[in-house]
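# Descriptive structure summary
Residue strings, one per chain:
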Number of protein chains: 2
Amino acid sequence: MSNKPATIKEIAKILNLSASSVSRALHDHSSIGLTTRMRVKQLAKELNYVPNQKAIFFQKGKTFTLGVIVPELSESFFSEAVSGIEDYALKKNYSVLIAQSHDDLEKEITLAEKFKSHRVDGLLVSLAKTTFNIDHFKQFEDLNIPIVFFDRIPPVKDIHYVACNMENGTYDAVNFLLKKKHRSIGMINGPETLNASAQRRDGYIQAMVKNRLKFDPSLIINCDLTEQSTREAMDKLLNNKRKPTAIVTFNDYVALYAIKYARFLGIKINDEIDFVSYANLPIIHYMDYYPIASVEQNPYQQGYRASEILLDLLTKKKSENEEKEAYYHITIDPELILH
Amino acid sequence: MSNKPATIKEIAKILNLSASSVSRALHDHSSIGLTTRMRVKQLAKELNYVPNQKAIFFQKGKTFTLGVIVPELSESFFSEAVSGIEDYALKKNYSVLIAQSHDDLEKEITLAEKFKSHRVDGLLVSLAKTTFNIDHFKQFEDLNIPIVFFDRIPPVKDIHYVACNMENGTYDAVNFLLKKKHRSIGMINGPETLNASAQRRDGYIQAMVKNRLKFDPSLIINCDLTEQSTREAMDKLLNNKRKPTAIVTFNDYVALYAIKYARFLGIKINDEIDFVSYANLPIIHYMDYYPIASVEQNPYQQGYRASEILLDLLTKKKSENEEKEAYYHITIDPELILH
DNA sequence: AGTGAGAACGCAAACGTTTGCTTGATTTTT
DNA sequence: AAAAATCAAGCAAACGTTTGCGTTCTCACT
């Protein structure tokens, strides 16, 4: 027991063949006779032969492994995205190496280093909140290791990415509220520095414009996503001359803070004020009060798509030479889910 | 650009050394003179040399990779456990290959196969709900690939495992309620078939016994963890002759269902009836009403510990020979968190 | 009988690194 | 001054698999 696993060489020796013939036999190469092919496969089963991936990795110069860096697995958005990545990768016989940056740039750099030395074939990355430059990913270019960013993407053009079009999502959300006859719609947006905030703002404005309504900037309040900050935003909105009858929040957390505070103030949720949010928390339905609609960002699909692109890049790489200037810029349209 | 990465051989050629000397120089081997050592390292930096892990894996016969199979990453319990695994593994310079069974036995078997052919050095497994035998993991024994099970462990003795002692956790919970002067404590337990249910039941009984109180079996109701089933359990408890003033639920989901239903019935939560649960949902604090206490199962620690054990097994494997009969059976004591 | 084709298989190199054994040169010990 | 120890570095094999290029053999066809 605890035998070293059987190798091709051993099979070859037993059958009086060369290692190459055994290898070819196992791969159904045409130049191997049917009888020997059968004999080889037969013995392989008996010996419980399993190809040694380490050797194959080495020989082929590939690890058939994808590296994934996400901020936090415990955020369901990312764990679902990882599921999408995993499903496609496994389908294509790739394995997935997962690591978390915990939203820390230093950690992210360390992980990049780790993956570099591990020689993953490709990388899927969703940036940490604190990452404002991506120099630590530049080195992968030289190593010919493609990277596909998803969701939290850097604001540059010379990269491959998959992301959700927040502008459209917000447009749909605001449009939905307008159709419900709301005429004063508030928005608790994220930090101004975030690209995601700008997109939401744009979507809001676009919805107003398309409906030939005047855009009132005082109805969009930025907040830093904390409970305290959310309350302050709510105060501002509630004291607005045109007190909103509906509020779009940056994410579910903010929505919950806002709803909690509104209830504290005696406001009737989704009656006096309708809430619409972005889907972060799948368990939101366990709540007593939750937004009447959510912008679903389809993390699974984002992951799946990013995975597809990466594998596409990997298989195409051989033929690439001059046309390296084509970057994948995929935007996934979110959908508005009514609860 | 897009140069193939530098190799030891190239460094050797440039410096007129042998590959072996370069290798030793990079590893600070004592038999290499200081000057050459410096020259080698210097050039290595310049050429951006990174050791080719594929070759090292192959040469050493190890992949420095751990395989992890969990049911669902989107369950925060598992994503936190994975964080623990990852943190320790990375510290020891191992990578972590993660895959989800989605609580499906077939998928679990496929993944086991995948990891086998990938030749991970070791395996960390939390079983799918539908897994009732572990034959598909037996093969790893022959390959000398150790497995450590955690949390969802199989009910056999000849394995390594890390799990939480639910009996103690429940004991603490019930004891806590008894100290709060509750004299009729209900329990909405899980399916009878689950080991986890039996442990909770035992803990409940033990707490009663230790406090010299009579155990009333009618106060423990089994349910299948659905909302409907939870309501039925609540009905039974509320109609009990000794209507409970406190209820321990199998998990947070059940607690939320129960609380929702109780509120629907007009019962004052954590006033008329105190709820205590097991920590599954980190975001429970966003709720308006949540259990007054939770049994925290420390998923991070479980993962970390399991990771430690696996690496211990991996490094000790060389010296192991006769004493292969020692199995790690680690139980982690949960702690009662008061909210 | 000679040529050609194709089938069935072997040889050997290659992938990059590590490591036990050797060798040659220099230094220390007796 | 000779023998022994130490230092610095090279040689070559090994890990398991794949693959380009041969080689041998058998037939069939002119």
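Residues numbered from 1 in each chain as written. Chains lettered and ligands numbered in written order. Predicted model: local features only at pLDDT ≥ 70, side-chain atom pairs only at ≥ 80, totals over all residues. Heavy atoms only, no water.

Moving on, we get to the relation of the copies chain A and chain B. Its rotation angle being 180°, the transformation that places chain A on chain B also includes 0.1 Å of axial translation and leaves an RMSD of 0.2 Å. Look at the turn and shift together and you get a two-fold axis relating the two. Rotation axis and chain A: the residue whose C-alpha lies nearest the axis is A:Leu97, separated from it by 2.3 Å. Looking at the interface residues of chain A, 100% of them are also at the interface in chain B, so both copies use one shared face. (Least-squares fit on C-alpha atoms with pLDDT ≥ 70 in both. Contact = heavy atoms within 4.5 Å.)

One way to put it is that helix α4 (residues 53-60) of chain A packs onto helix α4 (residues 53-60) of chain B with a least axis distance of 8 Å and a crossing angle of 145°. Seen from above, α4(A) lies across α4(B) with left-handed handedness. For the pair α4(A) and α4(B), contact is made by A:Lys54, A:Ala55, A:Phe57 and A:Phe58 and by B:Lys54, B:Ala55, B:Phe57 and B:Phe58, respectively. Classifying every residue of the contact of α4(A) with α4(B) gives 6 nonpolar, no polar and 2 charged. (Axes fitted to C-alpha atoms, helices over the stretch in contact; angles between N-to-C directions. Helix = DSSP H or I, 4+ residues; strand = E, 2+ residues; numbered from the N terminus. Left-handed = near helix turned anticlockwise from the far one by under 90°. Nonpolar A, V, L, I, M, F, W, Y, C, P; charged D, E, K, R; others polar.)

To continue, consider empty space enclosed by the protein. Where empty space is left becomes clear once a probe the size of a water molecule has been rolled over the atoms. Counted under the stated rule, the structure contains 4 cavities of 30 Å³ or more. Here the largest cavity defines a volume of roughly 150 Å³. Sorting the residues of the lining of the largest cavity by element identifies α11 (252-264) of chain A together with α11 (252-264) of chain B as the ones contributing at least two each. By residue class, the composition of the lining of the largest cavity is 10 nonpolar, no polar and 4 charged. As for the second largest cavity, its lining consists of A:Leu90, A:Ser95, A:Val96, B:Leu97, B:Ile98, B:Ala99, B:Leu111, B:Lys114 and B:Phe115. Broken down by secondary-structure element, the contributors of at least two residues to the lining of the second largest cavity are β2 (95-100) of chain A together with β2 (95-100) and α6 (105-118) of chain B. Its residues assigned to classes, the lining of the second largest cavity comprises 7 nonpolar, 1 polar and 1 charged. (1 Å grid on protein atoms, 1.4 Å probe; cavity = no way out; pocket = protein on both sides within 12 Å on 5 of 7 lines; lining within 4 Å. Points joined across faces, edges and corners; volume = space filled by probe spheres on them.)

What follows is about the interface of chain A and chain B. Taken residue by residue, the interface counts 55 residues in chain A and 55 residues in chain B. Taking both sides of the interface into account, the surface hidden between chain A and chain B amounts to around 5,100 Å²; carbon and sulfur atoms contribute 57%. Across the salt bridge formed by A:Asp87 and B:Lys107, the nearest N and O atoms sit 3.9 Å from each other. In this structure, the connection of chain A to chain B is made through 14 residue pairs in polar contact (both at pLDDT 80 or more). Counting residues per element, the ones that place at least two in the side of chain A that touches chain B are α4, α5 (76-91), β2, α6 (105-118) and α11 of chain A. Here the side of chain A that touches chain B is composed, by residue class, of 24 nonpolar, 18 polar and 13 charged. (Buried area = accessible area lost by both parts, 1.4 Å probe. Salt bridge = Lys/Arg side-chain N within 4 Å of Asp/Glu carboxyl O. Polar contact = N/O pair within 3.5 Å; in protein donor to acceptor, adjacent residues only side chain to side chain.)

Our focus in this paragraph is helix α8 (residues 166-179) of chain A. Residues and elements named next belong to chain A. Here α8 contains 14 residues, and its C-alpha end-to-end distance of 20 Å stays within 8% of the 20 Å for a straight helix at 1.5 Å per residue. Of all the 14 residues making up α8, 10 are buried; the element is thus mostly covered by neighbouring parts of the structure. Within α8, burial applies to Met166, Gly169, Thr170, Tyr171, Ala173, Val174, Asn175, Phe176, Leu177 and Leu178. Capping the start of α8 is the job of one residue whose side-chain oxygen sits 3.1 Å from the backbone nitrogen of Glu167: Asn165. (Expected span 1.5 Å × (residues − 1). Buried < 20%, exposed > 50% of the residue type's maximum accessible area, 1.4 Å probe, protein only.)

This part takes up helix α9 (residues 195-210) of chain A. Across its 16 residues, α9(A) extends 22 Å between first and last C-alpha, which sits within 8% of the 22 Å expected from 1.5 Å per residue. For α9(A), the secondary structure elements touched by its buried residues are α8, β6 (185-189), β7 (220-222) and β9 (274-278) of chain A.

The next subject is unusual backbone geometry. Residue and element names in this part refer to chain B. Unusually for a residue other than glycine, Asp103 sits at a positive phi of about 55°. Among the structural elements, Asp103 can be located in the loop between β2 and α6. Among the residues examined, Asp103 registers a relative accessible area of 17% and is labelled buried. Phi is positive for Leu225, close to 75°, though the residue is something other than glycine.

Glancing now at the protein's contact with DNA strand D. Every one of the 29 residues lining DNA strand D counts as a neighbour, but A:Ile8, A:Ser20, A:Arg24, B:Ser21 and B:Thr36 are closest to it. What you see for DNA strand D is that sugar and phosphate hold 52% of its atoms within 4 Å of the protein. A:Ser23 is positioned such that a nitrogen or oxygen atom in its side chain is 2.7 Å from a phosphate oxygen of DNA strand D. A distance of 2.8 Å is found between a base oxygen of DNA strand D and a side-chain nitrogen or oxygen belonging to B:Arg24. For the surface near DNA strand D, the secondary structure elements donating two or more residues are α1 (8-15), α2 (19-26) and α4 of chain A together with α2 (19-26) and α4 of chain B. The dominant element in the surface near DNA strand D, judged by the number of residues it contributes, is α4(A), at 5 residues. Counted by class, the surface near DNA strand D contains 10 nonpolar, 15 polar and 4 charged residues. (Near = heavy atom within 4 Å.)

On to the protein's contact with DNA strand C. Near DNA strand C there are 26 residues, and of these A:Ser21, A:Thr36, B:Ile8, B:Arg24 and B:Tyr49 occur at the shortest range. Close to the protein, within 4 Å, the atoms of DNA strand C belong to sugar or phosphate groups at a rate of 49%. At 2.5 Å from a phosphate oxygen of DNA strand C is found a side-chain nitrogen or oxygen belonging to A:Ser21. The side chain of A:Thr36 places a nitrogen or oxygen atom 2.5 Å from a phosphate oxygen of DNA strand C. Looking at the surface near DNA strand C, the elements with two or more residues in it are α2 and α4 of chain A together with α1 (8-15), α2 and α4 of chain B. Here the surface near DNA strand C takes 4 residues from α4(B), the largest share from any one element. Residues of the surface near DNA strand C, tallied by class, amount to 9 nonpolar, 14 polar and 3 charged.

Turning to the UniProt feature "domain: HTH lacI-type" (unreviewed entry) in chain A, a few remarks are in order. In the numbering used here, UniProt assigns the feature "domain: HTH lacI-type" (unreviewed entry) to residues 6-60 of chain A. Along residues 6-60 of chain A, the helical share is 67% and the strand share 0%, with 20 Å between the first and last C-alpha atoms. (UniProt positions renumbered as here; feature names shortened; annotations may be inferred.)

On to the sheet that holds strand β12 (residues 335-338) of chain B. Whether parallel or antiparallel, the strands of a sheet pair through hydrogen bonds between backbone atoms. All names here are of chain B. Spatially, β7-β6-β8-β9-β10-β12 is the arrangement adopted by the 6 strands of the open sheet, whose pairing is mixed. On the outer flanks of this sheet lie β7 (220-222) and β12, each paired with one strand and no other. Averaged over all pairs of adjacent strands, the angle between strand axes in this sheet comes to 20°, irrespective of strand direction. Taken together, the 3 bridges between strand β9 (residues 274-278) and strand β10 (residues 293-296) define a ladder with parallel strand orientation. In the sheet register, Tyr278 faces β10, and the bridge partner there is Val295. (Pairing = 2+ DSSP bridges.)

Considering all chains together, one arrives at 19 aromatic pairs over all chains under this definition. Ring centres of B:Phe137 and B:Phe149 lie 5.7 Å apart, and the angle between their planes is 80°; on these two criteria the pair is classed as edge-to-face. Residue B:Phe137 is found in helix α7 (residues 135-142), and its partner B:Phe149 is found in strand β4 (residues 147-150); the two are separated by 12 residues along the sequence. This pair shows no difference in class: B:Phe137 is buried, exactly as B:Phe149 is. Here the aromatic cluster, defined as three or more aromatic residues joined through ring pairs, consists of A:Phe57, A:Phe64 and A:Tyr94. The positively charged end of B:Arg200 is found above the aromatic ring belonging to B:Phe250, 3.9 Å away from the centroid. (Phe/Tyr/Trp six-rings, centres within 6.5 Å; stacked < 30°, edge-to-face > 60°. Lys NZ or Arg CZ within 6 Å of the ring centre and 35° of its normal.)

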